[in-house]
Amino acid sequence: MTLVIGLGCQRGCDLHTLLALFDSALAEGGIERHRISALASIDRKQNEPGLLALAQRLNLPLQCFSAEQLAAFEHRLSHKSDIAFAHTGCYGIAESAALALAEHLAGSPARLLITRKKTAQATFALACAG
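Below is a summary of the structure that appears in this document. Note that the structure is a prediction, hence the values are computed from the model and not measured.

**Notes on the pairing of strand β3 (residues 62–65)**
Of the pairings in the sheet, the one linking strand β2 (residues 36–42) to β3 comprises four bridges and is parallel in character. Along β3, the bridge assignment pairs Ile-42 with Phe-65. Each parallel crossover has a hand, and the one from β2 via helix α2 (residues 49–58) to β3 is right-handed.

And the structure:
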């Protein structure tokens, strides 16, 4: 089974904030860190220092998608954010990115295993496929 984490964050969100959200959401879901295959986000976050540091710390690839690619998953989101849409052109970065990458890696339909978790600076979702 392919497990993928989708992440969204405010500009300047640091590694420790992202790692705390990552670890608390996985602990709540009863999922060990080593089972995660990859991280995903929106292309405008591909150079975000906190996300890059998280990928490096966890030794996981980070793949980013365009707003157009993520918009295809809109009907499958647990929550639609008008704020996210105003800033990015898609209604949910974490869930959409997790679904997009899980399906891409597994070559089969994905589903959300952990729906959107949110802190003041970041969002997290976990999708699985295969």
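**Looking at the nonpolar core**
Nonpolar side chains in soluble globular proteins tend to end up buried together. In this structure, Ile-5, Ile-36, Phe-124 and Leu-126 are the most contacted members of the largest nonpolar core, which totals 25 residues. Contributing elements (two or more residues each) for this core: β1 (2–9), α1 (15–29), β2, α2 and β5 (122–129). Considering every element that reaches this core, the biggest residue donor is α1, with seven residues. Among the nonpolar cores identified, the runner-up in size contains 22 residues, and Phe-65, Leu-70, Cys-90 and Ala-127 belong to it.

**Quick notes on the environment of Cys-9**
As for its placement among the helices and strands, Cys-9 is situated in strand β1. Accessibility expressed as a relative area gives 10% for Cys-9, which makes it buried. A C-alpha to C-alpha distance of 8.1 Å links Cys-9 and Lys-45, two positions 36 residues apart in sequence.

**Topic: the packing of α1 against α2**
Packing of α1 against α2 brings their axes to within 8 Å, and their N-to-C directions diverge by 55°. Relative to α2, the element α1 lies oblique. As α1 packs across α2, the resulting crossing turns out to be right-handed. On α2, the residues that touch Leu-15, His-16, Leu-18, Leu-19 and Phe-22 of α1 are Gly-50, Leu-51, Ala-53, Leu-54, Arg-57 and Leu-58.

**Comments concerning α2**
Burial in α2 covers these residues: Gly-50, Leu-51, Leu-54, Ala-55 and Leu-58. Considered in projection along α2, the buried side chains sweep an arc of 135° and stay on one side of the axis. Turned more than 90 degrees away from the buried face of α2, the exposed residues are Pro-49 and Gln-56. Against β1, α1, β2 and β3 lie the buried residues of α2.

Conventions adopted
Residues numbered from 1 in each chain as written. Predicted model: local features only at pLDDT ≥ 70, side-chain atom pairs only at ≥ 80, totals over all residues. Heavy atoms only, no water. Pairing = 2+ DSSP bridges. Helix = DSSP H or I, 4+ residues; strand = E, 2+ residues; numbered from the N terminus. Right-handed = clockwise from strand over helix to strand, strands pointing away. Core = buried A, V, L, I, M, F, W, Y, C linked by side-chain atoms within 4.5 Å. Buried < 20%, exposed > 50% of the residue type's maximum accessible area, 1.4 Å probe, protein only. Axes fitted to C-alpha atoms, helices over the stretch in contact; angles between N-to-C directions. Parallel < 35°, antiparallel > 145°, perpendicular 65-115°, else oblique. Left-handed = near helix turned anticlockwise from the far one by under 90°. Contact = heavy atoms within 4.5 Å. Arc of directions from axis to C-beta.

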